[in-house]
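# Survey of secondary and tertiary structure
Below are the chains, spelled out letter by letter.
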Amino acid sequence: MPAYKTEEYIKESIQSVQNQTFQDWELLVINDGSPDQLENIVAELATHDPRIRLISQVNQGVAVARNTGIAEAQGEFISFLDSDDLWEPTFLEKMLQKATSDGLDIVYSGFYKEMLNGKIKAVGSPDIEKQLLLERLKSKQGLHICALLIRQAFRESEQILFTPDCSFSEDTEFILKLLCNAQIGAVKENLFHYKNRDGSLTNSSWSLKREDSLKAFERAQKFIIAKYPHKDKSELLIAFDFALVSLFYRIIINAVVTNNFDAVNHLLDTYSHLLHKKGLKRSKQI
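The notes below deal with the structure included here. The structure presented is a predicted model; accordingly, all values stated were derived computationally and were not measured. (Residues numbered from 1 in each chain as written. Predicted model: local features only at pLDDT ≥ 70, side-chain atom pairs only at ≥ 80, totals over all residues. Heavy atoms only, no water.)

## Some thoughts on the side chain of Asp49
As a reminder of what qualifies: Note on conventions: DSSP H or I runs of at least 4 residues are helices, E runs of at least 2 residues are strands, and numbering of each starts at the N terminus. Exposure categories follow from relative accessible area, calculated using a 1.4 Å probe and restricted to protein chains: below 20% of the type maximum is buried, above 50% is exposed, and the middle band is partly exposed. Two residues form a contact once any of their heavy atoms are found within 4.5 Å.
Along the polypeptide, Asp49 turns up in the loop between helix 2 (38–48) and strand 3 (52–57). Judged by its relative accessible area of 6%, Asp49 falls in the buried class. Those residues within four positions of Asp49 in sequence are excluded, and the remaining contacts are Gln18 and Trp25.

## Looking at the sheet that holds strand 3
Strands belonging to one sheet form pairs held by backbone hydrogen bonds; the direction of such a pair is parallel or antiparallel. For clarity, the cut-off: Strand pairing requires that DSSP identify at least two bridges connecting the strands. The convention used is that axes are lines fitted to C-alpha atoms, helices contributing only their stretch in contact, and that angles between N-to-C directions extend from 0 to 180 degrees.
In space, the three strands of this open sheet follow the order 1-2-3, with parallel pairing throughout. Bordering the open sheet on either side are strand 1 (2–3) and strand 3, each of which pairs with just one other strand. Along the sheet, helix 1 (residues 10–18) makes contact with strand 1, strand 2 (27–32) and strand 3, crossing strand 2 at roughly 165 degrees. On the sheet, helix 2 packs against strand 1, strand 2 and strand 3 and is oriented at approximately 155 degrees with respect to strand 3.

## What about the side chain of Glu135?
In this fold, Glu135 is placed in helix 5 (residues 132–137). Residues within four places of Glu135 in sequence aside, it is in contact with Ile128, Lys140 and Gln141.

## Some words on helix 1
Quick reminder of the rule: As used here, the arc is the angular range of directions from the helix axis to the C-beta atoms.
Listing the buried residues of helix 1 in full gives Ile10, Ser13, Ile14, Ser16 and Val17. Each buried residue of helix 1 sits inside an arc of 150 degrees when the element is viewed along its axis, so together they form one side. Summarising the contacts, the buried residues of helix 1 are in contact with strand 1, strand 2, helix 2, strand 3 and strand 5 (86–87).

## Let's talk about the packing of helix 8 (residues 211–227) against helix 9 (residues 233–257)
Which entries qualify depends on this criterion: Reported orientations rely on four angle classes, namely roughly parallel under 35 degrees, roughly antiparallel over 145, roughly perpendicular from 65 to 115, and oblique for the rest. Throughout, the ten residues Ala, Val, Leu, Ile, Met, Phe, Trp, Tyr, Cys and Pro are labelled nonpolar, Asp, Glu, Lys and Arg are labelled charged, and all others, Gly among them, are labelled polar.
With their axes 10 Å apart at the nearest point, helix 8 and helix 9 run at an angle of 175 degrees to one another. Comparing the axis directions of helix 8 and helix 9 gives the class roughly antiparallel. From helix 8, Ser213, Leu214, Phe217, Glu218, Ala220, Gln221, Ile224 and Ile225 reach across to helix 9, where they touch Lys233, Leu236, Leu237, Phe240, Asp241, Ala243, Leu244, Leu247, Phe248 and Ile251. Partitioning the contact of helix 8 with helix 9 into residue classes produces 13 nonpolar, two polar and three charged.

## Some points on the packing of aromatic side chains
Note the cut-off: Ring pairs shown here join Phe, Tyr and Trp side chains whose ring centres sit within 6.5 Å, with only the six-membered ring taken for Trp; geometry is labelled stacked below 30 degrees between planes, edge-to-face above 60, and tilted in between.
Scanning the model with the defined rule gives eight aromatic pairs in all. Where Phe80 meets Phe174, the ring centres are 5.9 Å apart and the plane angle is 85 degrees; that geometry is what we call edge-to-face. Residue Phe80 is located in the loop between strand 4 (77–78) and strand 5, and its partner Phe174 is located in helix 7 (residues 170–179); the two are separated by 94 residues in the primary sequence. With a centroid separation of 4.3 Å and an interplanar angle of 10 degrees, the aromatic rings of Trp87 and Phe91 are classed as stacked. Each member of the pair, Trp87 as well as Phe91, is classed as buried. Among the aromatic residues, those joined into a ring-pair cluster are Phe80, Phe162 and Phe174.

Read these as spatial facts, not as claims about activity.
Below is the structure:
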């Protein structure tokens, strides 16, 4: 659980772990240099529950915080929960049951997205297990980093970590790399609650850091070009190109509507190669 400036929410998030029907877990809370009372709140909870371990470090961002947790984790499986979100009580039980019974590397569930206006939207429709990477790139399957269970031995064998200094889409890059070679299964329920908080990084005003999303997608693409083993690789790469170009234009449009024209020029110069991608018109997605 990476934690930064969430003193208002973290106790409830931790309690959602404590309320799991499966109780043989360890919770690593990585205090990423939070300047509020978060550290004291977690330390107090840890005094009453030895399964909670507080690790404090200077602020380095969510990617480094998650990597710290990965390095310190002792379990056969790992999962992530942001410090302002919640798991359903049966999350660990049902995810582990699916992973162990079917010998899977990755298990995912659907999730609820709680909007700023109070509305709740079910996301995921977790019924796809074959060609999940392709379906994710086509935006036909929603995935969230906190609705995954990952076998540590598989992640280690693929040498997959979060990329430091990546402010946007570091989780998407991680997920896409995981999906490349994994044996994947789905728990066909919504077991995670993502709370779309006002003031979170994804809701903050536009900045050039949003370019990190393009860099993250290109790193994932390079990884998959090198490692993807299946016959549908050409179709997958067309879908990847389409997803990358679509993301590029969304960022450009976002920069235009917020009057960041210097950023527009920078992006057009830096990613001019995306304007000339071949084969996209042959994609069935267009």
